[in-house]
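Spelled out, the chains give:
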Amino acid sequence: MKTSFPVSRSGRFLGAPGAEVARFTESISFDWRLWRQDILGSIAHATMLRKIAVLTRDEQMAIVKGLDDIGREIADGKFQWQPELEDIHMNIEAELTRRVPAGAKLHTARSRNDQVALDMRMWLRDEIFGLTQDIRSLQSALVRLGEQNARVLIPGYTHLQRAQPVYFAHHLLAYVEMLERDSERLKDSFKRVNVCPLGSGANAGSTLPLDRKLVARLLDFVDAKGRPQLTQNSMDAVSDRDFAIEFCCHAALLAVHLSRLAEDVILWASSEFNFIKIADAYTTGSSLMPQKKNPDIAELTRGKTGRVIGNLVSLLTLLKGLPMTYNRDLQEDKERLFDTTDTVRATARLMAAMLGNTAVNAAVCNAAASDPTLLATDLADYVVRKGVPFRQAHHIVGAVVTLAEKARKPLDRLTLEELQSVDKHFTADALKVFDLKQAMARRNITGAPGTKEVRRQLARWRKILRA
Ligand code: ARG
């Protein structure tokens, strides 16, 4: 009797597993997403098998045509997936073999263990590229919002307490910097993803004289100089998931950055801050309170960070006790990797769209930034310029702030006499410190939120992002 497992169960197994076992062990319900990579990998493998004379030219051509047909049917949604065939690799190979007898030769010197590692690496290469594009769009949205509100000031906060004035754009550019590091990490990790494992077999390579370099070249596993990149140890190649973990790690840090941005957006959109207004299309209402407009996209961005971090921890935990080499446990890697990729890419795109549809309440921001206590440090710097050690200047201005509080006056309304009652270093020009425009003009060292420096940074980013 023919079993329903024509590829791998032939021979040694008597019957098909029970339905529940099949459900427990299958991966086709999620690894179908690797179909394009699986087909490209098989075409390259067949091309190589032809070169080493395992396949005739006719056999190779029939296999390639069969794989192309299957690929088209999958793309058109017409392919019949067979859950009892377990995974993407067996689904495609079994159908190919049903149509093309030479398909039975395709798996020569290949195992699903090196095949799945290959497919995942190819899939991840595309996703890394896509994600860096998504990050770039988000950076552009941040820079654009900064440019549109180039004159808007807000308080910078430490401990969520008002600290010192900054341009709103300066705050946004902080995220552009974080995202740039995320991008760089992803680009750097690409070279460790871009290594071809095919030819490693189940765990011990092959006795056949495979041309691994040819396969690597056909599948674009090459470095900047066009040199093929091959895994160098068959056991490592089939059991390694470092590339997936590394990606999930970089993605988790990206998600943390997105979450922090989301938290700022949520605060800014609250009535208490009222710094921004998110367009209706990017907010949702309450089922009970008719007045509500909630920043759900930002909240879900913050919330989804949990699963992205969780996926990283899952993968690390999955690997930690595995002996060499392939173990079926590894099948659990894909959903975590797919989920991380889908989540961070969608989040980056939606945050970009939301920021592109957010208005800044310039008047509210500027009013908050005009709080003269934000310039207490500037007043200390004034005293420092008179030759007083900073520790002492800090103490003097602390006394000035207490005096203003007692007098129930804003800091900038104290008289020269009142200032001098605290310290004799204050002279007639002391109160000029509270001219906000001047104060912003003074902060012009690299990386500071000064008027010229923020303009320069916006222009710098505009140039980088246009490139
Ligand atoms: N479905 C498997 C996975 O995703 C493919 C490799 C299976 N190999 C095996 N010997 N059962 O990891």
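Residues numbered from 1 in each chain as written. Predicted model: local features only at pLDDT ≥ 70, side-chain atom pairs only at ≥ 80, totals over all residues. Heavy atoms only, no water.

### Things to note about the nonpolar core
Nonpolar side chains tend toward joint burial in soluble globular proteins. Core analysis: the largest hydrophobic core is formed by 127 residues, its most contacted members being Ile63, Leu142, Phe168, Phe247, Leu355 and Phe426. Sort the elements by how many residues they give to this core and helix α10 (residues 242-269) lands first, with 15 residues. Sequence-distant contacts of Phe426, defined by excluding residues within four places in its chain, comprise Leu379, Tyr382, Val383, Ile396, Val400, Leu416, Leu419 and Gln420. (Core = buried A, V, L, I, M, F, W, Y, C linked by side-chain atoms within 4.5 Å. Buried < 20%, exposed > 50% of the residue type's maximum accessible area, 1.4 Å probe, protein only. Helix = DSSP H or I, 4+ residues; strand = E, 2+ residues; numbered from the N terminus. Contact = heavy atoms within 4.5 Å.)

### Description of the layout of surface pockets
The volume enclosed by the largest pocket comes to roughly 320 Å³. Every residue along the wall of the largest pocket is listed here: Ile266, Ala269, Ser270, Ser271, Asn274, Ile276, Lys277, Ile278, Thr283, Lys293, Pro295 and Asn361. For the lining of the largest pocket, the elements supplying multiple residues, two or more each, are α10 and β3 (276-278). For the lining of the largest pocket, the element with the highest residue contribution is β3, accounting for three residues. Classifying every residue of the lining of the largest pocket by side-chain character gives five nonpolar, five polar and two charged. The calculated volume of the second largest pocket comes to roughly 220 Å³. Forming the boundary of the second largest pocket are Arg151, Leu153, Tyr167, Lys437, Gln438, Met440, Ala441, Thr451 and Arg455. Elements represented by at least two residues in the lining of the second largest pocket include exactly α17 (436-442) and α18 (451-466). For the lining of the second largest pocket, the element with the highest residue contribution is α17, accounting for four residues. Residues that form the lining of the second largest pocket fall into these classes: four nonpolar, two polar and three charged. (1 Å grid on protein atoms, 1.4 Å probe; cavity = no way out; pocket = protein on both sides within 12 Å on 5 of 7 lines; lining within 4 Å. Points joined across faces, edges and corners; volume = space filled by probe spheres on them. Nonpolar A, V, L, I, M, F, W, Y, C, P; charged D, E, K, R; others polar.)

### What about the packing of helix α3 (residues 35-51) against helix α6 (residues 112-148)?
As a packed pair, α3 and α6 sit with axes 9 Å apart at the nearest point and diverge in direction by 120 degrees. Classified by the interaxial angle, the pair formed by α3 and α6 is oblique. Our pair here, α3 against α6, has a crossing hand that is right-handed. Residues Gln37, Asp38, Leu40, Gly41 and Ser42 of α3 lie in contact with α6, whose contacting residues are Gln115, Leu118, Asp119, Met122, Trp123 and Asp126. (Axes fitted to C-alpha atoms, helices over the stretch in contact; angles between N-to-C directions. Parallel < 35°, antiparallel > 145°, perpendicular 65-115°, else oblique. Left-handed = near helix turned anticlockwise from the far one by under 90°.)

### Looking at empty space enclosed by the protein
Any space left empty among the atoms is revealed by the rolling of a water-sized probe across them. The tally for this structure, following the rule as stated, stands at two cavities of 30 Å³ or more. Taken as a whole, the largest cavity holds about 40 Å³ of empty space. Taken together, Ala255, Leu258, Thr301, Lys304, Thr305, Val308, Thr343, Val344 and Thr347 make up the full set of residues lining the largest cavity. Going through the elements one at a time, α10, α11 (296-320) and α12 (333-356) are the ones with two or more residues in the lining of the largest cavity.

### Some points on the site of the ligand
Close to the ligand lie Ser27, Asp87, His89, Arg112, Asn113, Val116, Tyr326, Arg328, Gln331 and Lys334, which account for all nearby residues. Between the ligand and Tyr326, the relevant distance is 2.5 Å, taken from an oxygen atom to a side-chain nitrogen or oxygen of the residue. One of the side-chain nitrogen or oxygen atoms of Gln331 is found 2.8 Å away from a nitrogen atom of the ligand. When isolated, the ligand has an accessible area of 340 Å², and the protein chains bury 86% of it. With three residues, the top contributor of residues to the shell around the ligand is α6. Counted by class, the shell around the ligand contains two nonpolar, four polar and four charged residues. (Near = heavy atom within 4 Å. Polar contact = N/O pair within 3.5 Å; in protein donor to acceptor, adjacent residues only side chain to side chain. Areas by Shrake-Rupley, 256 points an atom, 1.4 Å probe, with all protein chains shown as cover.)

### Some details on the packing of aromatic side chains
According to the stated counting rule, one finds six aromatic pairs in the structure shown. Between Phe273 and Phe275, the ring centres sit 5.3 Å apart and the planes meet at 90 degrees, which makes this aromatic pair edge-to-face. In this pair, the class of Phe273 matches that of Phe275, namely buried. Ring pairs connect the aromatic residues Tyr157, Phe273 and Phe275, which therefore count as one cluster. The ring of Phe338 has Arg33 sitting right over it, with the charged end atom 4.8 Å from the ring centre. Note that Arg125 overlies the ring of Phe221, its terminal NZ or CZ placed 4.1 Å from the centroid. (Phe/Tyr/Trp six-rings, centres within 6.5 Å; stacked < 30°, edge-to-face > 60°. Lys NZ or Arg CZ within 6 Å of the ring centre and 35° of its normal.)

That's the geometry; what it means functionally is another story.
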